[in-house]
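Chain residues, written in single-letter form:
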Amino acid sequence: RQRVVKKKPPRPHIEALVYEKINDIPIYYHEAQAVSSSQKQAEEIMGSSFLQALLISRILRFLIAHLPAGCEVLTNEVGLQLQKGNWCAADIAIYADARLEQIPLHNKYLNLPPNVVIEIDTKAEPAQFLTMMDYCYTKTDALLDFGVEKIVWIFTDARKVMIAEPHKDWITRNWDQEIPIFENIALNLTALLSEKR
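What counts, and at which threshold
- Residues numbered from 1 in each chain as written.
- Predicted model: local features only at pLDDT ≥ 70, side-chain atom pairs only at ≥ 80, totals over all residues.
- Heavy atoms only, no water.
- Phe/Tyr/Trp six-rings, centres within 6.5 Å; stacked < 30°, edge-to-face > 60°.
- Helix = DSSP H or I, 4+ residues; strand = E, 2+ residues; numbered from the N terminus.
- Buried < 20%, exposed > 50% of the residue type's maximum accessible area, 1.4 Å probe, protein only.
- Lys NZ or Arg CZ within 6 Å of the ring centre and 35° of its normal.
- Pairing = 2+ DSSP bridges.
- Expected span 1.5 Å × (residues − 1).
- Polar contact = N/O pair within 3.5 Å; in protein donor to acceptor, adjacent residues only side chain to side chain.
- Contact = heavy atoms within 4.5 Å.

K.L.:
How would you explain the packing of aromatic side chains if you had to name every residue and give the values?
P.N.:
Aromatic ring pairs are defined here through the distance separating the ring centres and the angle between the ring planes. Here the structure, examined in full by the defined rule, presents three aromatic pairs. A ring pair is formed by Tyr 137 and Trp 170, whose centres lie 5.9 Å apart and whose planes are at 55 degrees; its orientation type is tilted. Placement of Tyr 137 in helix α4 (residues 132–146) and of Trp 170 in the loop between β8 (160–164) and β9 (171–174) is noted, with a sequence separation of 33 residues between them. Ring plane angle 5 degrees and centroid distance 5.8 Å describe the contact between Trp 153 and Phe 155, whose orientation is recorded as stacked. An identical accessibility class is assigned to Trp 153 and Phe 155; each is buried. Through a chain of ring-to-ring contacts, the aromatic side chains of Tyr 135, Trp 153 and Phe 155 assemble into a single cluster. Across the ring face of Trp 175, the terminal group of Arg 159 is positioned such that the distance to the ring centre comes to 4.6 Å.

K.L.:
So what's going on with unusual backbone geometry? Which residues, and what values?
P.N.:
One non-glycine residue with positive phi stands out, namely Arg 159, at about 55 degrees. A residue is classified by how much of its surface remains accessible, and Arg 159, at 41% relative accessible area, is partly exposed. Residues other than glycine seldom take positive phi values, yet Glu 183 does so here, at roughly 50 degrees. With respect to the helices, strands and loops of the structure, Glu 183 is situated in the loop between β10 (179–182) and β11 (185–187).

K.L.:
So, the pairing of strand β3 (residues 72–83): which residues are in play, and what are the values?
P.N.:
Here nine bridges tie β3 to strand β4 (residues 86–95), and the two strands are oriented antiparallel to one another. Bridged to Gln 81 within β4 is Trp 87. Hairpin connection between β3 and β4: a loop of two residues separates the two successive antiparallel strands, and Gly 85 in this loop has a positive phi of roughly 85 degrees.

K.L.:
Account for helix α3 (residues 50–66), naming residues and giving values.
P.N.:
Taking 1.5 Å per residue as the helical rise, α3 with its 17 residues ought to reach 24 Å, and the 24 Å between its terminal C-alpha atoms agrees with that figure. Turning to α3, its buried residues are Gln 52, Leu 54, Leu 55, Ile 56, Arg 58, Ile 59, Leu 60, Phe 62 and Leu 63.

K.L.:
Outline the side chain of Gln 52, supporting the account with residue identities and numerical values.
P.N.:
Inspection of the secondary structure puts Gln 52 in helix α3. A polar contact of 2.9 Å, which involves the side chain of Gln 52, links it to the side chain of Asp 121. Sequence-distant contacts of Gln 52, that is, excluding residues within four places in its chain, are made with Ile 120, Asp 121 and Thr 156.

Below is the structure:
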């Protein structure tokens, strides 16, 4: 009888576990250490929870129905090239005025800032920061410096939303309050989630 030897899956290269690079700081996927030590598979740490996925789905449906013509809504961790050697990912990026029409269809990150970025939690491991919020603030500042006009952070555990715009005080709201997104368009997360599935 021939003995079957199961091969261990190849250990991912550490660079493959870099989620973002902001201010020349590599930021790894949450629990990347467990992947590099073969305790977990890369797919286990890169996925979204049901609540995160549902929120993205509901927000996308709302935006597509309410945004004016000429707007493009991109999702699936859109890669944004902030500057050479620095990049980050966006859960949802809204581009207005058909600016993307000038961009060729290529497999590269975008070096054009969106009008609005919407983030739902994060897949980052903020080991280089004192707290998770320090990471969020750093990423928000980098996106504002890049030229993004509004960043909306949705935090599922705290049920809070943080809204940041250049040269304005950042504000925090509850899920049941109106969240301004673009021009006169606002959404309410509690209402979105209460819609019949």
